[in-house]
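Summary of the model geometry
The residues making up each chain are set out below.
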Amino acid sequence: MKKKSIYISIIVILLLLLIGAAWCFLHNQSVDKPSLPTDSNAVEYEGDKPTNRLPNGQKGIAIPGFDTLVFSANQTNQRVNFFNPDSNDCLFLMTLYIDDKPLWKSGYCKPGTGYYDIELSEPLKAGEYSAYLKVQCFKEDGTVLNGAKVEFDITVQEA
C-alpha cells in the first residue's frame, strides 16, 4: 500500500511538471496574427502625393478627398483616382456608393497604391449623382482603425 501511494505521488508530480512545462511552452510562443491579403489589382500610385502632416508630430491617417468625379454613361469601366497615401501605415478597404448603393469595392489597398480604373457592378445613365467613398482602415493584422466617408458628386456624361 505504501509502495502504491509513492508511485501515485510520483505520477502526480510528473503530470504537474508536464502540465507546467506545456503551459510555459505555449505561453512563451509568440502569437503571430495573420496578415490581411493586399489587393493585387491596386497599382503603384503615381499621381500627386500630398505631404500633409498633422502639427507637432502627431500621427494620423491621411484620407484624400475630392469634390467631383466624371464618369462615362452606360459603361461599367470608369477612370478614378482612389489611393492610400504612402504616408499611412494602414490598409484601406474602399467602397464606392452612388445614390446610397454600393457599386464598387476594393481589396485591401496598402500605402502608396491605388486605383485608376475600376469596374462598377452596373452602368450609370447620364446625369448627376450624389456619391461617397467609404474608407475603412485596418492594421495588417486585421485590427480595425478609424475610417471616413468622403462625400462628392458624380457627373455622368455621354461618351
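Above this text sits the structure in question.
Residues numbered from 1 in each chain as written. Predicted model: local features only at pLDDT ≥ 70, side-chain atom pairs only at ≥ 80, totals over all residues. Heavy atoms only, no water.

Quick look at the environment of Ser-72
Basically, it comes down to this: Per the convention used, a helix needs a DSSP run of H or I reaching at least four residues, while a strand needs a run of E reaching at least two, with both numbered from the N terminus. Contacts are assigned to residue pairs that have any heavy atoms within 4.5 Å of one another.
Here Ser-72 lies in strand E2 (residues 68–72). Along the chain, Ser-72 and Thr-155 lie 83 residues apart, while their C-alpha atoms are 8.5 Å from each other. Dropping the residues within four chain positions of it, Ser-72 is found in contact with Gln-78, Val-156 and Gln-157.

A few points about the pairing of strand E6 (residues 113–119)
Here is the key point about a regular strand: its side chains alternate between the two faces of the sheet. For clarity, the cut-off: Here, a strand pair is defined by DSSP locating no fewer than two bridges between the strands.
Relative to E6, strand E1 (residues 43–44) runs antiparallel, the two being bridged by 2 bridges. Pairing of Glu-44 across the sheet is with Thr-113, part of E6. Sheet topology note: the strand E3 (residues 77–84)/E6 ladder contains 6 bridges and is antiparallel. Bridging from a neighbouring strand, Asn-84 pairs with Thr-113 of E6.

Digging into the pattern of salt bridges
The test is simple: Put simply, a salt bridge is a Lys or Arg side-chain nitrogen that is within 4 Å of an Asp or Glu carboxyl oxygen. Only protein chains enter the area calculation, which uses a 1.4 Å probe; residues under 20% of their type maximum are buried, those over 50% are exposed, and those in between are partly exposed.
A complete count under the given rule lists 3 salt bridges for this structure. Linking Asp-117 and Arg-79 is a salt bridge whose minimum nitrogen-to-oxygen distance equals 3.0 Å. Residue Asp-117 is found in strand E6, and its partner Arg-79 is found in strand E3; the two are separated by 38 residues along the sequence. With relative accessibility at 54%, the residue Arg-79 sits in the exposed group.

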